[in-house]
Amino acid sequence: MTPKQRKNAALLRQQVIVDMAKADGNRALTAEEQAEFNQLQREIEQADAEIALQERGLAGGAGAAAAPPASPEQGTGTSMPDLAPVSAAEMQRAAAEAERTRVTEIIALCREFDMDPAAHIRSGATLDQVRSAVLDSLRQAGNPVNLQVTQDEGDTFRRCASESLLLRAGIPVENPEAGSRELQAMSLRDLAVECLSREGQDIRSLLRMSQDDMYVECSRQFYNPSAAFPAILDNTIKKSIVHLYNHVPTTFQAWTTKGSLKDFKATADYEYVIGGMGDFLIVPENGELKPMIPKTEKLPNRKLDTYGRSFSMTRQAFINDDVGFLTEVPGLFAAAAKKTIDKQVYIQLHKNTVIFDGVPLFHKNHNNIMSKGSKPTQAAIQAMILQMQRQCDQFGDAIYITPQYIIVPVGYEFDLAVILHSAQVTGSSNNDVNPLFNYPINIVQTPVLNALAGDDAVPWFMVANPVSARGIQVDYLNGQEMPTVRRMESPGVLGFHWDIYLDWGIAIRDFRGMAKNPGEKMAPTA
């Protein structure tokens, strides 16, 4: 740019600054505007000096000063013609255009960060100054810049592949991906080829591999944490475990409570018992409130143990394209875990183990066992309800127990349906009113009691609402009640290897919320 062009540009910018101040109520220039105006003035004076030197050099003659070296814009050996002066109308149009550009950019920037642009526009701030103000505002408010992390194409493929294996095995998938159906016809080998080719391996070499060579290649990938094929197998196994675990028809969860422990150390609980607080005492006028220290009751230890098994997808299963192995075998282990908890809970009831106070769970000292065994009848059920409702707490005070569950072996469910849902007493000569008609108690029938009793008398039980009286609690490590699956490196195992395990513990919290009828021998089914 020539000196005259620089001078004209500086003059134009000075005029813009002055016009903005006049338009804003003929105000004085701000400090930033004044600094910019002074800088422009220095540029104008420098340009004037350069122009004067050029004019003296072009005029020539004795005593004339030598002209400065030509700039690249001037060329060599040629003179630059004088530019026509900029008219006032042109300056106004340029100033208006510059102002429109500034306002538009400031509004767009402020809208992006939810700021009001009016103050910045009125003050004549430049775009760089507004950017600085935006950063200062974000820093003071502590608002992070919004970022959205989306799944890449590889994550979508893995999810589709896992869902296709589940669908192929007959496990329902809620809202499957659009591409899942397209992959459903692929064999395990085809799926491995697709995964390895996506990771950069030559697809022609992969297609030429035999089933056994492909298995060896997948085995190497199995220990790579970022490989797609083993990740797809892991995800498929985990989803099948969740599905089958949730559909295991156990009954312990209907009437036990669930707890959580953070480690495997024995936990001795201490709990404030409201019965030890004593009665509220009358306070006379200007009287003193008498203090009372709550008594504590030591509850039984709670402790977790780890239960688990391991399984592997063999080389033969891979070559035979045994997809059912990925879904059925892990699901069976998950079902076994839940059934083990179910069995252990009912063993606590049936075996009548000694509990925290050194007395068997069901004992006359606990006032929770009927003296004579029988099958569930109207009279037997009423007697058990009344006995539970007469329980007292540790301090001899009455407690309000609400029987909510009646737990029976297989064979009594239909008899109970008649007892609890008949308006009259069945078999009575006078059609007596049935006091248990629609009594709010739930029937829990389990075959585990039949199996534990064998040919002996089969007991049945009644359990209270856990809010009114505690019973049996199943604790899990950090509340995790779903089995964990972990891929493992297992030397000497010819196949893909996984471990499946779950941490739980069973504790009897209180004997007052349970009662037992020793029952009687049940007639064998025809």
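Keep in mind the model is a prediction, meaning the values are calculated, not measured. Per chain, residue numbering runs from 1 following the sequence as it is written. Given that this is a predicted model, residues contribute local features only at a pLDDT of at least 70 and side-chain atom pairs are listed and counted only at 80 or more, while totals for whole chains, interfaces and linings are drawn from all residues. As a convention, hydrogens and water are excluded, and side-chain values are obtained from all of the structure's heavy atoms.

## Digging into the pattern of salt bridges
Salt bridges, as used here, are contacts in which a Lys or Arg side-chain nitrogen is within 4 Å of a carboxyl oxygen on Asp or Glu. Taken as a whole and judged by the stated rule, the model has 15 salt bridges. The partner of arginine 487 in a salt bridge is aspartate 234, with the nearest N and O atoms 2.4 Å apart. In this pair, arginine 487 sits in strand E9 (residues 484-488) while aspartate 234 sits in helix H11 (residues 228-246), placing the two residues 253 residues apart along the sequence. Note on classification: 1.4 Å probe, protein chains only; a residue is buried when its accessible area is under 20% of the maximum for its type, exposed when over 50%, partly exposed between these limits. Judged by its relative accessible area of 24%, arginine 487 is partly exposed. In DSSP terms, a helix is any run of H or I states spanning at least four residues, a strand is any run of E spanning at least two, and both are numbered starting from the N terminus.

## So, the packing of aromatic side chains
Ring pairs shown here join Phe, Tyr and Trp side chains whose ring centres sit within 6.5 Å, with only the six-membered ring taken for Trp; geometry is labelled stacked below 30 degrees between planes, edge-to-face above 60, and tilted in between. Considering all chains together, one arrives at 7 aromatic pairs under this definition. On the numbers, 3.9 Å between centres and 10° between planes, the contact of tyrosine 307 with tryptophan 504 is stacked. With tyrosine 307 in strand E4 (residues 305-314) and tryptophan 504 in strand E10 (residues 495-508), the pair connects residues that are 197 residues apart, well separated along the chain. Overall, the relative accessible area of 29% leaves tyrosine 307 in the partly exposed class. A relative accessible area of 1% places tryptophan 504 in the buried class.

## Observations concerning the packing of helix H8 (residues 188-198) against helix H10 (residues 211-221)
Axis definition: a line fitted to C-alpha atoms, limited for helices to the stretch in contact. Angles are taken between N-to-C directions and run from 0 to 180 degrees. Two elements in contact, H8 and H10, have axes whose closest approach is 11 Å; the angle formed by their N-to-C orientations is 50°. Viewed along their axes, H8 and H10 adopt a mutual orientation that is oblique. Handedness of the H8/H10 crossing: left-handed. On the side of H8, the interface is formed by Arg189, Ala192, Val193 and Leu196, while H10 contributes Gln211, Met214, Glu217, Cys218 and Gln221. In these notes the angle categories are as follows: under 35 degrees is roughly parallel, over 145 is roughly antiparallel, 65 to 115 is roughly perpendicular, and the rest is oblique. Two helices cross in a left-handed way if the nearer one is turned anticlockwise from the farther one by less than a right angle. They cross in a right-handed way if the turn is clockwise. Only heavy atoms enter the contact rule, under which two residues are in contact if any of them lie within 4.5 Å.

## A look at the sheet that holds strand E6 (residues 442-446)
Two strands qualify as a pair provided DSSP detects at least 2 bridges between them. Pairing in this open sheet of 4 strands is mixed, and the strands run E6-E5-E7-E11 from one edge to the other. Every other strand in the sheet has two partners, leaving E6 and strand E11 (514-520) as the edge strands with one partner each. Between one strand axis and the next, the sheet turns by 20° as a mean value, whatever way the strands run. Pairing between strand E7 (residues 458-464) and E11: 5 bridges, direction antiparallel. From the neighbouring strand, methionine 462 faces E11, where its bridge partner is alanine 515.

## Focus: the nonpolar core
Grouped together as the largest cluster of nonpolar side chains are 64 residues, with contacts concentrated most on Trp255, Leu349, Phe496 and Trp498. With 8 residues, helix H14 (residues 323-351) is the single largest residue contributor to this core. Ignoring anything within four residues of it in the chain, the contact list for leucine 349 reads Trp255, Leu361, Phe362, Ile407, Phe461, Ile472 and Met514. In terms of nonpolar packing, the next biggest core, distinct from the first, is built from 21 residues, Met384, Ile401, Ile441 and Ala469 among them. What is meant by a nonpolar core is a set of buried Ala, Val, Leu, Ile, Met, Phe, Trp, Tyr and Cys residues, joined one to another through side-chain atoms within 4.5 Å.

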